[in-house]
Amino acid sequence: MISGKMLKDALISAALTLSEMKKQVDELNVYPVPDGDTGTNMSLTLANAMNALSSVPDDAEVSEVASAAASAMLRGARGNSGVITSLLFRGFSKGLTGKKEAGCDDIANALEIGVEAAYKSVMKPAEGTILTVARVASEKARESSFMTNDPVSLWNDVCIAAEDALAKTPEQLPILKKAGVVDAGGKGLVIIFNEMLKAFRGEPRTVSSEPKIVSDGKYSFSVEDDETLEITFGYCTEFIVNVTDTAKKPAELREYLESIGDCVVVVDDEDIIKVHVHTDHPGLAFEKGLEFGSLCNMKIDNMRLQREKKAAAVKAANEKPVPAAPEKQFGFVAVANGSGIEAMFTDLGADAIVRGGQTMNPSADDILRAVYSVPAETVFILPNNKNIIMAAEQAMKLSEKTICVLRTTSVPQGMSAMMNFDPDSDFDTNRMNMTLAAEKVQSGLVTFAARDSSFSGHEIKAGDILALENGRLSFIDRDVTRAAYKLTRKLMKNLKKNAGFVTVMYGSDVSSDKAAELENIMRSKLGSVDVNFVKGGQPVYYYIISVEPN
């Protein structure tokens, strides 16, 4: 039988292993555009469960462990892969409701419920994905439940079936076969299942956090981030000495620093000495350093204050959010990234902004907390990215408030929807009008290829300029300005001479001069179309282009 402690250890081990292997999963992504990668999203989702399980006692029943993990995953789910993973384990939890321990039938039932929930969450489920891997594993679990009474043996069969299904994903999705990879989400799930098997078998795994590396050129320090360690000396002190007295030895400085603190690191070169020390007297450390030369890059951090702030933030994040009392009928939450774009949504009436986008997929809990901050009876959510829609819909299921997720897949769609909101109209009318407006707008994105790829008939090299037309790769270029102009013309053509308004939001990597150059080209060549340029400040995308009809 699988006890609560066995399941707890298994899930923690899975979270740790996936965190270590997330980059391997990320690299399986066949889409060339920078995004919130699959391995990262799944890892962050499981990390929520691991944090929640740290407060679950070892003698808890298997149902309690499963419930705590599932609830944390649902709230922390990021990206489509993270949401699907959370739904698989939510179903797993439902199948173990009321169970002190789990046997073979219990596990088979739990997997079946999870797979059913995951398939229902996807509008058009495709085979050759994480869904396929989960389904095949579930089917094998049911088959094995008739053959064995040993749940560990059954889970071994589950892992073998999952790996076999993963190996076949390239035959089910041509894009995977062409790229020569297996499905990333499926790979993540196989890692989870395999690590759970190791834990079920009692194979030990060292649960330790890797030290963070604080780097400054070729010099780096390891800084342990362990909340259980007592802070003996309160100030993290760092500085660089530009050596002027070559007769003095760095060992003398190290010896002195060890007398007034701990965690001493002294790295010396011919011309400089880099210093790191925890001490209660930063001034004394600086004074001693001055005996060796002039100082630069001086930094002092109050570690006790940092810990207090971090603890308060963790406490606030773990507290259940309370919905704001309604003061109006309708409110808005928009997902956006970039100061200019955030300001535009605020000007259009957004009550709360969740920072996120292509490479920053917010969790369901992030979105839920934003919703609860809005003092409205009904809150519209604008995800503005296809990989955030599922997390938004998950927040809707968790919410005590009335929520409507408008399935906007781009910033232009979100803005067009908000511009068509009428405070005097009812909910159904507004939902219909905003949805129709979002569907009519043409969205263009100019970005760069994050990796070499063969995609949609294009051979792409890392660094190529990519033009995306309504979410699909349109063409590849070498020049950002030319690509933006060409893409705008294509978007206008889609509206069949009915294009009336062009809004261009330029990103953080585009200078004002380059944006002005593109603006001049557009104003001189796009005829009577109303052209508007805004400093969006967004990362990843050089330009976000919106073309709306008259």
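Quick caveat, the model's predicted, so the values are computed rather than measured. (Residues numbered from 1 in each chain as written. Predicted model: local features only at pLDDT ≥ 70, side-chain atom pairs only at ≥ 80, totals over all residues. Heavy atoms only, no water.)

Draft legend 1. View of the overall build of the protein chain. The helix and strand tally for the protein chain stands at 19 helices and 18 strands. Over its C-alpha trace the protein chain gives a radius of gyration of 27 Å, about what one expects of a compact globule, namely 24 Å for 550 residues. C-alpha atoms of the protein chain, sized along the principal axes, occupy 80 × 70 × 55 Å. For the protein chain, the proportion of its 550 residues judged to be buried stands at 52%. Sequence separation of at least 24 residues holds for 71% of the intrachain contacts in the protein chain that already meet a minimum separation of 6. Approximately 25,600 Å² of the protein chain is accessible, and the part contributed by carbon and sulfur atoms is 50%. Charge separation in the protein chain, taken as the distance between the mean sites of 60 positive and 75 negative side-chain charges, equals 6 Å. (Helix = DSSP H or I, 4+ residues; strand = E, 2+ residues; numbered from the N terminus. Rg over C-alpha atoms; globule rule 2.2 N^0.38 Å. Buried < 20%, exposed > 50% of the residue type's maximum accessible area, 1.4 Å probe, protein only. Contact = heavy atoms within 4.5 Å. Areas by Shrake-Rupley, 256 points an atom, 1.4 Å probe, with all protein chains shown as cover. Lys, Arg positive; Asp, Glu negative; His and termini not counted. Charge placed at Lys NZ, Arg CZ, Asp CG, Glu CD.)

Draft legend 2. Geometry of the state of the cysteines. This structure, assessed with the given rule, holds zero disulfides. Considering cysteine sulfurs only, Cys104 is the nearest to Cys159, which forms no disulfide, with 14 Å between them. Owing to a relative accessible area of 3%, Cys159 belongs among the buried residues under this scheme. (Disulfide = S-S within 2.5 Å.)

Draft legend 3. Here's a closer look at the sheet that holds strand S16 (residues 499-506). Taken in spatial order, the six strands make up an open sheet running S15-S14-S11-S18-S16-S17, and their pairing is mixed. Here the strands that pair on one side only, and so sit at the sheet edges, are strand S15 (472-477) and strand S17 (530-535). Neighbour-to-neighbour, the strand axes of the sheet open up by a mean angle of 20°, direction not taken into account. Packing of helix H18 (residues 480-494) onto the sheet brings it into contact with strand S11 (442-448), strand S14 (465-469), S15, S16 and strand S18 (543-549), and relative to S11 it is tilted by some 160°. Most of the contacts of helix H19 (residues 512-525) go to S17, to which it runs at about 175°, and overall it touches S16, S17 and S18. (Pairing = 2+ DSSP bridges. Axes fitted to C-alpha atoms, helices over the stretch in contact; angles between N-to-C directions.)

Draft legend 4. The nonpolar core, seen in detail. Core analysis: the largest hydrophobic core is formed by 87 residues, its most contacted members being Leu7, Phe92, Trp155, Ile192, Phe193 and Met196. Apart from residues no more than four positions distant in its own chain, Phe193 is found in contact with Leu111, Ala137, Trp155, Val158, Cys159 and Ala162. Ranked by size, the runner-up nonpolar core spans 29 residues in total, among them Phe330, Met418, Val540 and Tyr541. (Core = buried A, V, L, I, M, F, W, Y, C linked by side-chain atoms within 4.5 Å.)

Draft legend 5. Examining the pairing of strand S5 (residues 272-279) more closely. The buried fraction of S5 amounts to eight of the eight residues, a majority that puts the element mostly inside the structure. Judged from the eight bridges that link them, strand S3 (residues 235-243) and S5 form a sheet pairing that is antiparallel. Directly across from Ile240, in S5, lies its bridge partner Lys274. Strand direction decides the pairing type here: strand S4 (residues 261-268) and S5, joined by six bridges, are antiparallel.

Draft legend 6. Here's a closer look at the side chain of Gln394. Among the structural elements, Gln394 can be located in helix H15 (residues 389-398). If we ignore the near neighbours within four places in the chain, the residues touching Gln394 are Leu74, Val83, Leu87, Arg90 and Ala364.

Draft legend 7. Structural context of H15. Among the ten residues of H15, seven are classified as buried, and the element is accordingly described as predominantly covered. Where H15 is concerned, the buried positions are Ile389, Met390, Ala391, Ala392, Glu393, Gln394 and Ala395.

Draft legend 8. Spotlight on the side chain of Glu195. In this fold, Glu195 is placed in helix H9 (residues 184-200). Of note is the side chain of Glu195, whose polar atom sits 3.0 Å from the side chain of Thr17. (Polar contact = N/O pair within 3.5 Å; in protein donor to acceptor, adjacent residues only side chain to side chain.)

Draft legend 9. Focus on the confidence of the model for the protein chain. On average, residues of the protein chain score 88 in pLDDT, and 91% of them reach the 70 mark or higher. With pLDDT under 50 throughout, residues 206-228 is counted as low confidence; its partners more than four residues away or in other chains account for 35 contacts. (pLDDT = per-residue confidence, 0-100.)

Draft legend 10. View of the pattern of salt bridges. Taken as a whole and judged by the stated rule, the model has 29 salt bridges. For Arg355, the salt bridge is made with Glu342, and the minimal N-O distance between the two is 3.1 Å. Of this pair, Arg355 sits in strand S8 (residues 352-355) while Glu342 sits in helix H13 (residues 339-348); the two residues are 13 residues apart in sequence, bridging distant segments of the chain. Of the charged contacts, one joins Glu517 and Lys514 as a salt bridge, the two residues approaching to 3.5 Å between their closest N and O atoms. Of this pair, Glu517 and Lys514 both sit in helix H19, three residues apart, which is roughly one turn of the helix. Classification of Lys514 by relative accessible area gives partly exposed; the value is 41%. Where salt bridges share partners, they join Lys248, Glu252, Lys288 and Glu291 into one cluster. (Salt bridge = Lys/Arg side-chain N within 4 Å of Asp/Glu carboxyl O.)

Draft legend 11. Spatial organisation of the sheet that holds S4. The strand order across the open sheet formed by four strands is S4-S5-S3-S6, and the pairing between neighbours is antiparallel. In this open sheet, the two edge strands, each paired with only one partner strand, are S4 and strand S6 (293-302). On average, each strand axis in the sheet is inclined to that of its neighbour by 10°, with strand direction left out of account. Summarising the sheet, S3 and S6 pair through eight bridges and their orientation is antiparallel. Among the inter-strand pairings, Asn242 is bridged to a residue of S6, identified as Ser294. Lying on the sheet, helix H10 (residues 250-260) is in contact with S4 and S5; it crosses S4 at an angle near 165°. Relative to S3, helix H11 (residues 282-290) is tilted by about 10°, and along the sheet it contacts S3, S5 and S6.

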